[in-house]
Amino acid sequence: MSNAAPRTAGQDHLWSVDEHLEDILATVRPLEPIELQLLDAQGCVLVEDVTVPVSLPPFDNSSMDGYAVRVADVAGASEEFPAVLDVVGDVAAGQAELLHVGPGQAARIMTGAPLPPGAETVVPVEWTDGGLGEGPVTGMRARALAPEGAEGHVHVYRSAEARAHVRAKGSDVKAGDRALEAGTVLGPPQIALLAAIGRGTVRVRPRPRVVVMSTGSELVQPDEDLGSGQIYDSNSFALTAAARDAGAIAYRVGAVADDAETLRDTIEDQLVRADLMVTTGGVSVGAYDVVKEALSHVGDEDEAGSGIDFRKLAMQPGKPQGFGSIGPDHTPLLALPGNPVSSYVSFELFVRPAIRTLMGLDDVHRPRTRAKLTADKALTSPKGRRQFLRGTYADGAVTPVGGAGSHLVAALAHADALIVVPEDVESVAPGTEVEVVLLG
């Protein structure tokens with residue numbers, strides 16, 4: 001998971017956003033590959049190319065319900081002068097023994113069934129009388145209800161070219177082709193392809209297990225009654241959902257009270273199921289910032305290389321951050337600030353890339369673009385800080401949502417982008433082109 005301790009700097013050192021992210025990505029390493037059953041591998045990243053062992057389809061087969069015939073036998077057929085052929089039986093999908101279609105003969109064939117020997121093409125049932133002698137039909141009657149349809153005669157009202165309505169062997173993929181490349185994320189279509197070529201298991205990097213916990217004695221779980229000075233815990237829900245959205249298996253831990261020993265015990269209990277731990281709250285300079293109190297010297301007791309470094313970043317929101325590793329396996333831990341917007345922005349900038357790195361992905365960042373700022377007035381930004389403002393993006397333009405306050409959860413819920421204001425910019429006028437991080 002991690003093979004190096006985070007860098008440390010003087011207490012007064014102001015880290016840039018890029019320095020902090022670089023430190024995280026230099027420390028976190030992709031998870032070791034494992035072999036998983038197909039459905040268990042959904043959302044995981046392939047670690048090896050997959051070669052096709054058998055062609056798809058594995059045999060010539062019909063793409064229509066109809067009749068397998070010889071081309072010469074239906075040449076010039078019309079409704080006025082239909083071709084009349086002897087029906088020698090049915091060819092159904094999965095049927096082992098195939099009929100032979102000779103001159104003047106037809107075999108009733110179902111979609112997906114192998115093209116029988118002697119047949120050269122397929123005429124759809126809608127081009128025939130279905131063996132009923134009453135003009136064109138719209139479909140076949142079920143064999144269970146009308147077994148006589150597999151015998152007798154059929155009138156064909158249109159000609160067909162060679163191999164019409166026939167799916168050729170290997171027309172999808174051929175044996176020896178590369179089906180999927182290493183680095184592919186396995187979604188439903190990829191799972192379908194693997195199953196179709198007979199692969200029941202696949203070698204992947206597993207989805208990271210992320211444990212999320214919020215801290216604060218003031219936090220109450222949703223659906224409970226609020227007491228004086230209490231608020232509902234939204235951060236742990238937001239970050240757990242964000243971790244799942246990033247591709248992780250995420251576990252939410254109920255809010256931990258402002259007690260250093262309780263927090264240390266809780267973290268220790270959760271390490272067994274964590275490839276990455278995320279805390280929110282308690283990382284600033286207050287007397288009750290329990291995460292900082294509990295973890296600042298954790299490396300003194302753990303194995304060499306462990307430890308959490310608490311630092312200040314030149315960004316708004318999200319100035320206080322913590323990063324390091326903990327426990328015997330040096331599990332990475334990111335300690336995020338407690339204000340809801342600060343917490344979420346920090347997740348997008350730092351935790352999401354860490355999760356994607358654990359997964360073994362090459363591209364770990366949200367997409368970025370340039371957009372024209374649409375606003376009633378100029379945006380202001382503190383000098384020396386990289387500011388991330390919530391916004392909505394559409395058609396090459398971005399509009400701010402809500403203010404700059406790091407507690408504005410409602411505004412965050414309506415945003416699908418982050419507007420980036422660089423450290424050396426203090427004012428951005430409407431109409432200016434800005435960098436935008438796309439969240440959707």
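Residues numbered from 1 in each chain as written. Predicted model: local features only at pLDDT ≥ 70, side-chain atom pairs only at ≥ 80, totals over all residues. Heavy atoms only, no water.

### Thoughts on the overall build of the protein chain
Inference 1: When you go through the protein chain residue by residue, the secondary structure sums to eight helices and 29 strands.
Inference 2: In summary, the protein chain has a C-alpha radius of gyration of 32 Å against a globular reference of 22 Å for 440 residues, an excess of more than 25%.
Inference 3: In terms of principal-axis extent, the alpha carbons of the protein chain reach across some 95 × 55 × 45 Å.
Inference 4: Contacts in the protein chain between residues far apart in sequence, at least 24 positions, make up 71% of those at least 6 positions apart.
Inference 5: Just so you have it, the protein chain exposes about 20600 Å², and 49% of that area is on carbon and sulfur atoms. (Helix = DSSP H or I, 4+ residues; strand = E, 2+ residues; numbered from the N terminus. Rg over C-alpha atoms; globule rule 2.2 N^0.38 Å. Contact = heavy atoms within 4.5 Å. Areas by Shrake-Rupley, 256 points an atom, 1.4 Å probe, with all protein chains shown as cover.)

### Examining helix 4 (residues 235-246)
Inference 1: Between its terminal C-alpha atoms helix 4 stretches 16 Å, which fits the 16 Å expected from twelve residues at 1.5 Å a residue.
Inference 2: Regarding helix 4, the residues found buried are Asn235, Ser236, Leu239, Thr240, Ala242, Ala243 and Ala246. Burial along helix 4 is one-sided: seen end-on, the buried residues are contained in an arc of 160°.
Inference 3: Contacts from the buried residues of helix 4 go to strand 14 (209-215), strand 17 (249-256), strand 18 (276-280), strand 22 (331-336) and helix 7 (340-359).
Inference 4: Gly247 lies just past helix 4 and shows a positive phi near 115°. (Expected span 1.5 Å × (residues − 1). Buried < 20%, exposed > 50% of the residue type's maximum accessible area, 1.4 Å probe, protein only. Arc of directions from axis to C-beta.)

### Here we look at the sheet that holds strand 10 (residues 153-156)
Inference 1: The strand order across the open sheet formed by five strands is 9-6-8-7-10, and the pairing between neighbours is mixed. Either end of the sheet is taken by a strand with one partner, and the two such strands are strand 9 (121-124) and strand 10. Ignoring which end each strand starts from, the neighbouring axes of this sheet average 40° apart.
Inference 2: When strand 6 (residues 66-69) meets strand 9, the two strands line up antiparallel, connected through four bridges. The residue bridging Ala68 from the neighbouring strand is Val122, located in strand 9. (Pairing = 2+ DSSP bridges. Axes fitted to C-alpha atoms, helices over the stretch in contact; angles between N-to-C directions.)

### With respect to the nonpolar core
Inference 1: If you look at the biggest cluster of nonpolar residues, it comprises 40 residues, and the most contacted ones within it are Leu276, Phe350 and Ile355.
Inference 2: Elements with a minimum of two residues in this core: helix 1 (17-27), strand 14, helix 4, strand 18, strand 22, helix 7 and strand 27 (417-421).
Inference 3: Ranked by residue count, the leading element in this core is helix 7, at eleven residues.
Inference 4: Aside from chain neighbours lying at most four places away, what touches Ile355 is Pro208, Val210, Ala243, Ala246, Ala248, Leu276 and Phe347.
Inference 5: By size, the runner-up hydrophobic cluster in this structure holds 20 residues, among which are Val211, Ile267, Leu271 and Ala294. (Core = buried A, V, L, I, M, F, W, Y, C linked by side-chain atoms within 4.5 Å.)

### Looking at the pattern of salt bridges
Inference 1: Taken as a whole and judged by the stated rule, the model has 16 salt bridges.
Inference 2: Of the charged contacts in the structure, one is a salt bridge between Glu181 and Arg178, with a shortest N-O distance of 3.1 Å.
Inference 3: Across the pair Arg368 and Glu435 runs a salt bridge whose closest N-O atoms are separated by 3.3 Å. Highlighted residues: Arg368 in strand 23 (residues 368-373) and Glu435 in strand 29 (residues 433-438), separated in sequence by 67 residues. (Salt bridge = Lys/Arg side-chain N within 4 Å of Asp/Glu carboxyl O.)

### Considering unusual backbone geometry
Inference 1: With an omega of -10°, the peptide bond running from Leu56 to Pro57 counts as cis.
Inference 2: Following the sequence through the fold, Pro57 ends up in the loop between strand 4 (50-51) and strand 5 (61-62).
Inference 3: With an omega dihedral of -5°, the bond running from Gln316 to Pro317 counts as a cis peptide bond.
Inference 4: Along the chain, Pro317 turns up in the loop between strand 20 (315-316) and strand 21 (320-326).

### Concerning the environment of His153
Inference 1: Along the chain, His153 falls in strand 10.
Inference 2: When the C-alpha atoms of His153 and Leu132 are compared, they prove to be 8.4 Å apart, with 21 residues separating the residues in sequence.
Inference 3: Those residues within four positions of His153 in sequence are excluded, and the remaining contacts are Val84, Leu85, Asp86, Val87 and Gly131.
Inference 4: At a separation of 2.9 Å, a polar atom in the side chain of His153 contacts the side chain of Asp86. (Polar contact = N/O pair within 3.5 Å; in protein donor to acceptor, adjacent residues only side chain to side chain.)

### A closer look at the sheet that holds strand 2 (residues 34-37)
Each strand in a sheet pairs with another by means of backbone hydrogen bonds, the pair being arranged parallel or else antiparallel.
Inference 1: Taking strand neighbours across the sheet as the criterion, the three strands line up as 2-13-3 in an open arrangement whose pairing is antiparallel. Single-partner strands in this sheet number two, and they are strand 2 and strand 3 (45-46).
Inference 2: Bridge analysis of strand 2 against strand 13 (residues 201-205) gives four bridges, and the strand direction is antiparallel. Its bridge partner being in strand 13, Glu35 is matched across the sheet by Arg203.

### A few points about the packing of helix 1 against helix 7
Inference 1: Their axes nearest at 10 Å, the elements helix 1 and helix 7 cross at an angle of 25°. Regarding the angle of helix 1 to helix 7, the classification is roughly parallel. Pair helix 1 / helix 7 crosses with right-handed handedness. Across from Val17, His20, Leu21, Ile24 and Leu25 in helix 1, the residues of helix 7 making contact are Leu349, Phe350, Pro353, Ala354 and Thr357.
Inference 2: For the contact of helix 1 with helix 7, the class distribution of residues is eight nonpolar, two polar and no charged. (Parallel < 35°, antiparallel > 145°, perpendicular 65-115°, else oblique. Left-handed = near helix turned anticlockwise from the far one by under 90°. Nonpolar A, V, L, I, M, F, W, Y, C, P; charged D, E, K, R; others polar.)

### Considering the packing of aromatic side chains
Aromatic ring pairs: the centre-centre distance and the angle between the two ring planes describe each pair.
Inference 1: Here the structure, examined in full by the defined rule, presents zero aromatic pairs.
Inference 2: Sitting over the ring of Phe237, Arg252 keeps its end group 3.9 Å from the ring centre.
Inference 3: Cation over ring: Arg311 sits above Trp15, and NZ or CZ is 3.7 Å from the ring centre. (Phe/Tyr/Trp six-rings, centres within 6.5 Å; stacked < 30°, edge-to-face > 60°. Lys NZ or Arg CZ within 6 Å of the ring centre and 35° of its normal.)

### What about a negative patch on the surface?
Inference 1: On the surface, Asp259, Glu261, Asp265, Glu268, Asp269 and Glu293 cluster together to form a negatively charged patch.
Inference 2: In terms of residue count, helix 5 (residues 260-270) provides more of the negative patch than any other element does, four residues in total.
Inference 3: Here Glu261 is to be found in helix 5. (Patch = residues over 30% accessible without salt bridge, like charges linked within 9 Å, V, L, I, M, F, W, Y side chains within 5 Å. Lys, Arg positive; Asp, Glu negative; His and termini not counted. Charge placed at Lys NZ, Arg CZ, Asp CG, Glu CD.)

### What to know about helix 5
Inference 1: Residues of helix 5 that are buried: Ala260, Leu263, Thr266, Ile267 and Gln270. The arc enclosing the buried residues of helix 5, seen along the axis, measures out at 130°, which places them on a common side. Among the exposed residues of helix 5, those pointing more than 90 degrees away from its buried face are Glu261, Glu268 and Asp269.
Inference 2: For helix 5, the secondary structure elements touched by its buried residues are strand 14, strand 17, strand 18, helix 6 (290-295), strand 21 and strand 22.

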